[in-house]
Amino acid sequence: MSRIAYVNGRYLPHAQAHVHVEDRGFQFADGVYEVCEIWNGHIVDMTRHLDRLGRSLTELQMDWPLERRAMETVLRETARRNRVKNGLVYLQVTRGQARRDFAFPKLPIPTTLVVTARSTSPSVAVKNSEDGIAVVTTPDIRWERVDIKTVSLLPQVLAKQKAVRAGAKEAWMYDKEGYVTEGASSNAWIVAQDGTLITRPAEKGILRGITRAAIMDYAATNGIKVEERHFTLEEAKAAREAFITSATMLATAVVKIDDAVIGNGQPGSIVSAMRARFHEGVEKLPLSVY
Ligand code: PMP
């Protein structure tokens, strides 16, 4: 089955799905994106993802490409046309196509909207959850507005490549004071000896992850304490458990940070329970509403 992408109003086979060479996403990374998990034929936390998209667009003074309801339909329809039952749907909005010039186009132009969807491998997910993952560490060299979910991701590309080269699955970035900021494409968490979850406050130094918010809900429902505070790499390496959260990895145990083994080197009981029960509390909207 050929994969289908939505591009500016049309559903097209990937081979024909193009944006213009002078699209500002391509020229300047002048765009924003979202990734939602598809779980068992449902889109997970679409409301929160579209709320965050709205915030990213506002921060960059960009317009919604479609009305929000139409956008929801396109997300569902793209997932449906690609027959995704478990996987992800990706959307990208750029400022649009205009003659190359750094400043915004003088006349209003339509924003570009691209949506793709794909299935993910259940066996990889099971392996990650059973074995946990290793992370490497790297300085956070990003700009100050990492709270905006832009497609300008080169520091994360380099960080992830460093991880892959070391045989790890993720890179944890740290700031100039040695505090962990977040993963290249995930939020970073540790578990204190008393079971408290610790994660960096979501001001401007990290992306306000949707899965991070879902874990906060889970913790509140289950009487688990959460502390939003900075933590160092040293503290992380000595933690009872460590984990990452993202729409594609959910909550996944970190069992090694650089050369330091976390706990007994196996996913701990707190993260394992969170992951097993993750979908109980989240918003799940069926792909088909017709
Ligand atoms: N931080 C960064 C830098 C990310 O790229 C992501 C995933 N897009 C996250 C955190 C996790 O966010 P979410 O839970 O919304 O996927």
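Please read these numbers as outputs of a predicted model, since none were measured by experiment. (Residues numbered from 1 in each chain as written. Predicted model: local features only at pLDDT ≥ 70, side-chain atom pairs only at ≥ 80, totals over all residues. Heavy atoms only, no water.)

Trainee: Explain the nonpolar core to me, using residue names and the numbers behind them.
Mentor: Within the largest apolar cluster, 24 residues are counted, with the highest numbers of intra-cluster contacts made by Leu53, Leu75, Leu91, Val93 and Val115. Looking at this core, the elements with two or more residues in it are β3 (31-39), α2 (46-59), α3 (68-81), β5 (87-94) and β6 (112-119). Beyond its immediate chain neighbours, meaning those up to four positions away, Leu91 contacts Val32, Tyr33, Glu34, Leu50, Leu53, Met71, Leu75, Val114 and Val115. (Core = buried A, V, L, I, M, F, W, Y, C linked by side-chain atoms within 4.5 Å. Buried < 20%, exposed > 50% of the residue type's maximum accessible area, 1.4 Å probe, protein only. Helix = DSSP H or I, 4+ residues; strand = E, 2+ residues; numbered from the N terminus. Contact = heavy atoms within 4.5 Å.)

Trainee: A description of helix α8 (residues 269-276) should follow, citing residues and the corresponding values.
Mentor: Within α8, burial applies to Ile270, Val271, Met274 and Arg275. Along the axis of α8, the buried residues cluster in a sector spanning 125 degrees; they form a single face. Set apart from the buried face of α8 by more than 90 degrees, the exposed residues are Ser269 and Ala276. (Arc of directions from axis to C-beta.)

Trainee: Which residues make up the pattern of salt bridges, and what values do they have?
Mentor: Within the structure shown, the criterion is met by 23 salt bridges. Residue Asp258 pairs with Lys237 through a salt bridge whose shortest N-O separation is 3.6 Å. With a gap of 21 residues between them, Asp258 in the loop between β14 (250-257) and β15 (260-261) and Lys237 in helix α7 (residues 233-237) connect regions that are remote in the sequence. Residue classification places Asp258 among the partly exposed positions, given a relative accessible area of 25%. Overall, Lys237 belongs to the partly exposed group, its relative accessible area being 29%. The network of salt bridges with common partners includes Asp51, Arg68, Arg69 and Glu72. (Salt bridge = Lys/Arg side-chain N within 4 Å of Asp/Glu carboxyl O.)

Trainee: Go over unusual backbone geometry with me, naming the residues and quoting the values.
Mentor: Backbone geometry places Asn8, a non-glycine residue, at a positive phi of 45 degrees. Here Asn8 shows up in the loop between β1 (4-7) and β2 (10-13). Phi at Asp45 takes a positive value of approximately 55 degrees, unusual for a residue other than glycine. Relative to the elements of secondary structure, Asp45 occurs in the loop between β4 (42-44) and α2. Taking relative accessible area as the criterion, Asp45 reaches 6% and is therefore assigned buried.

Purely spatial values, then, with no claim about function.
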